[in-house]
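# Inside the fold
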Number of protein chains: 2
Amino acid sequence: MLKKEKIPKVTIQRMAVYLQMLEELEEEGEEVVSSTRLAELCGVNSSQIRKDLAYFGEFGVRGVGYYVRDLIASIKHFLGIQKVWNCAIVGIGNLGRAILRYKDLSKKGYKIVGAFDCDPFKIGERVGDLEIICTRRLKEKAKDLNIKIGIITTPPNRAQRAANHIVEAGIKAIVNFAPTRIQVPDDVIVDYVDFSTHLIYLSFSLSNLGK
Amino acid sequence: MLKKEKIPKVTIQRMAVYLQMLEELEEEGEEVVSSTRLAELCGVNSSQIRKDLAYFGEFGVRGVGYYVRDLIASIKHFLGIQKVWNCAIVGIGNLGRAILRYKDLSKKGYKIVGAFDCDPFKIGERVGDLEIICTRRLKEKAKDLNIKIGIITTPPNRAQRAANHIVEAGIKAIVNFAPTRIQVPDDVIVDYVDFSTHLIYLSFSLSNLGK
């Protein structure tokens, strides 16, 4: 995992949430938003928002709040997502297809440029704008396509093999959706999206609140 | 969100990770595991594991480590997942189908007992063991099926409507996969699974590590 970070991961995650909410406000034509309102929309308290935004010196305007468009630009700059990040998906089942069809992703600066699967019956099939390519060709394609992030959406028993292909291709960041841990070299960052973790959190909360 | 919690959310999430790894070890026939080994597999440090497990007084056996089966039972007891939690999915697109076919979910104590969608062309279609039901019937079905958790996998512009149906059905916990915030009463817990947040975290890390 990330060792040299100074800004906590949870802060980055909250920033991503603020950004999403601000973009929704912008679409609705809102020009300004108070920290109280933004906090309410994001489900955090307003002192948290002010603290987080202070990381990049964004303090808002007294009596007005934040200018939506400016704040979006500041957060994007802070998060390094003015540029486009090319991503590859490995494992084109239902989940892989769901992500391929997730339209807002490119708006957020992430472009899926490669769809890989090792199933010979899937290779060559078109999904949206992409043609499914054999996973063995990931290494060859990664440079051409300038892939920076690998997304694993295989079944759990194939996740490590997918990770190996991604690592061999020189890709340094992985989002793993398969419900299993993967082993990668120290210089590769892995983030896990584990659906059952969220369910466990909810059921724990329900149990302990006596609902 | 959850206000009365004493145990941090991140601890619960790590517990879920330990549980998953321990279950994999058990499947591989391992009977004991050291905290160092478990830490390595889970991508945390071993003092963190010992600290987390101390929440329920599980300290392991000196010179041996943890008995895998016993530790699984303790964590499950702690997390309140010896029982089965019935869930409903609202929105049967690719993502909904991926979750419906996620086989390990019932092993973990979560059973999807209802699949809902408002698309008349989908209503009545069978997905696995379930028949897709009109979302308007969620309220009527929730009691019969004893649904405790609602999972939203609709497009973003339909997420609030899905949430309203879930809330009206008296369900107090929601996992929202739609990339948008939803508004619910204070007594309903919402957890967000936002895919783009994970990408943002990774690209931020890549930018800042100069990779």
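## Brief notes about the overall build of chain A
- When helices and strands are counted, chain A shows 9 helices and 9 strands.
- Seen through its C-alpha atoms, chain A measures out along the principal axes to roughly 60 × 45 × 35 Å.
- Counting across all 211 residues of chain A, residues that qualify as buried make up 43%.
- Across chain A, contacts joining residues at least 24 apart in sequence account for 59% of those joining residues at least 6 apart.

## Considering the interface of chain A and chain B
- On the chain B side, the residues contacting the 57 residues of chain A number 57 residues.
- Of all the secondary-structure elements, those providing two or more residues to the side of chain A that touches chain B are α1 (9-27), α2 (35-42), α5 (94-100), α6 (104-107), β8 (173-176), β9 (189-192) and α9 (195-209) of chain A.
- At 14 residues, the largest contribution of residues to the side of chain A that touches chain B is made by α9 of chain A.
- Within the side of chain A that touches chain B, the residues separate by chemical class into 31 nonpolar, 13 polar and 13 charged.

## As for the sheet that holds strand β3 (residues 85-90) of chain B
All names here are of chain B.
- With respect to topology, 7 strands assemble into an open sheet ordered β5-β6-β4-β3-β7-β8-β9, the strand pairing being mixed. Since the sheet does not close on itself, it has two edges, and those belong to β5 (126-127) and β9 (189-192), each with one partner.
- Where strand β8 (residues 173-176) and β9 come together, 4 bridges link them in parallel fashion. Counterpart to A173 in the pairing with β9 is I189.
- Together, β3, β7 (149-152) and β8 form the strand contacts of helix α8 (residues 159-168), whose direction differs from that of β7 by roughly 165°.

## Notes on α1 of chain A
All names here are of chain A.
- Relative to the 27 Å expected for 19 residues at 1.5 Å per residue, α1 spans 27 Å between its end C-alpha atoms, a close match to the ideal helical length.
- The complete set of buried residues in α1 reads I12, R14, M15, A16, V17, Y18, L19, Q20, M21, L22 and L25.
- The first or second residue beyond α1 is G29, which carries a positive phi of 90°.

## Observations regarding the relation of the copies chain A and chain B
- Rotating chain A by 180° and translating it 0.0 Å along the rotation axis places it on chain B, where the RMSD comes to 0.0 Å. Taken together, the turn and the small shift mark the pair as related by a two-fold rotation axis.
- The residues that chain A uses at the interface reappear at the interface of chain B in 100% of cases, marking a shared surface.

## Brief notes about the sheet that holds strand β5 (residues 126-127) of chain A
Residue and element names in this part refer to chain A.
- Strand order across the open sheet formed by 7 strands is β5-β6-β4-β3-β7-β8-β9, with mixed pairing between neighbours. Edge positions in the sheet fall to β5 and β9, since each has one partner strand and no second.
- With 4 bridges connecting them, strand β3 (residues 85-90) and strand β7 (residues 149-152) associate as parallel partners. Among the inter-strand pairings, C87 is bridged to a residue of β7, identified as I149.

## Points about the nonpolar core
- Counting 131 residues, the largest nonpolar core has Y18, C87 and I89 of chain A together with C87 and I89 of chain B as its most contacted members.
- Ignoring anything within four residues of it in the chain, the contact list for C87 of chain A reads Y110, K111, I112, V113, I147, I149 and I151 of chain A.

## Considerations on the domain arrangement of chain A
- Each assigned domain of chain A is listed here: domain 1 (9-78) and domain 2 (85-196).
- Placing a centre on the C-alpha atoms of domain 1 of chain A and another on those of domain 2 of chain A gives a separation of 31 Å.

## Focus: the packing of α2 of chain A against helix α3 (residues 46-53) of chain A
All names here are of chain A.
- Relative orientation of the contacting elements α2 and α3 amounts to 105°, with a least axis distance of 8 Å. When the interaxial angle is binned, α2 and α3 end up roughly perpendicular. Together, S35, T36, L38 and A39 of α2 and S46, I49 and R50 of α3 make up the contact between the two elements.
- For the contact of α2 with α3, the per-class residue count stands at 3 nonpolar, 3 polar and 1 charged.

## So, the pairing of strand β4 (residues 110-117) of chain B
Residue and element names in this part refer to chain B.
- Counting buried positions over the 8 residues of β4 gives 7, a clear majority of the element.
- The pairing of β3 with β4 spans 6 bridges and is parallel. In the sheet register, N86 faces β4, and the bridge partner there is K111.
- Relative to strand β6 (residues 130-134), β4 runs parallel, the two being bridged by 3 bridges. Its bridge partner being in β6, A115 is matched across the sheet by I132.

## Here we look at the packing of helix α1 (residues 9-27) of chain B against helix α4 (residues 68-79) of chain B
All names here are of chain B.
- Where α1 meets α4, the axes come as close as 10 Å, and the angle between the chain directions of the two elements is 150°. In terms of crossing hand, the pair formed by α1 and α4 is left-handed. Between α1 and α4, the residues in contact are M15, Y18, L19, L22, E23, L25 and E26 and V68, R69, L71, I72, I75, K76, F78 and L79, respectively.
- Residues of the contact of α1 with α4, tallied by class, amount to 11 nonpolar, no polar and 4 charged.

## Some points on the environment of G91 of chain B
Residue and element names in this part refer to chain B.
- You can see G91 is positioned in the loop between β3 and α5 (94-100).
- Between the alpha carbons of G91 and I123 there is a distance of 11 Å; along the sequence they are 32 residues apart.
- Residue contacts for G91: discarding those within four places in its chain leaves G96, D117, I152, T153, T154, R158 and A162.

## Things to note about the environment of T11 of chain A
All names here are of chain A.
- Relative to the assigned elements, T11 resides in helix α1.
- What makes T11 partly exposed here is the crowd of 16 C-beta atoms within 10 Å.
- Between the C-alpha atom of T11 and that of Q48, which follows or precedes it by 37 residues, the distance is 9.5 Å.
- Setting aside anything within four residues of it in sequence, one finds T11 in contact with D52 and Y55.

What counts as what
Throughout, a residue's number is its position along its own chain's written sequence, starting from 1. Written order determines the labels here, with chains lettered from A and ligands numbered from 1. Side-chain atom pairs in this predicted model are given and counted only at pLDDT of 80 or more, local residue features only at pLDDT of at least 70, and totals for whole chains, interfaces and linings cover all residues. Starting at the N terminus, helices and strands are each numbered in turn, a helix being any DSSP run of H or I of at least four residues and a strand any DSSP run of E of at least two. Residue burial here comes from a neighbour count, namely the number of other C-beta atoms, placed from the backbone, that lie within 10 Å of the residue's own C-beta, with 20 or more meaning buried, 12 or fewer meaning exposed, and in between meaning partly exposed. Here, residues touch in the contact sense if the C-beta positions derived from the backbone fall within 7 Å of one another. Three categories are distinguished: nonpolar for Ala, Val, Leu, Ile, Met, Phe, Trp, Tyr, Cys and Pro, charged for Asp, Glu, Lys and Arg, and polar for the others, with Gly belonging to the last. A pair of strands is treated as paired once DSSP finds two or more bridges between them. Lines are fitted to the C-alpha atoms to define the axes, a helix being fitted only along its stretch in contact, and any angle between axes, read from their N-to-C directions, falls within 0 to 180 degrees. A helix is expected to span 1.5 Å for every residue after the first. Least squares is the method for superposing the copies, and the C-alpha atoms it fits come from residues with pLDDT of at least 70 in both. Buried Ala, Val, Leu, Ile, Met, Phe, Trp, Tyr and Cys residues whose C-beta atoms connect them within 7 Å together make up a nonpolar core. Boundaries between domains were set according to an automatic or database domain assignment. Here the word oblique covers every angle except those under 35 degrees (roughly parallel), over 145 (roughly antiparallel) and from 65 to 115 (roughly perpendicular). Take the far helix as your reference; a near helix turned counterclockwise from it by less than a right angle gives a left-handed crossing, and one turned clockwise gives a right-handed crossing.

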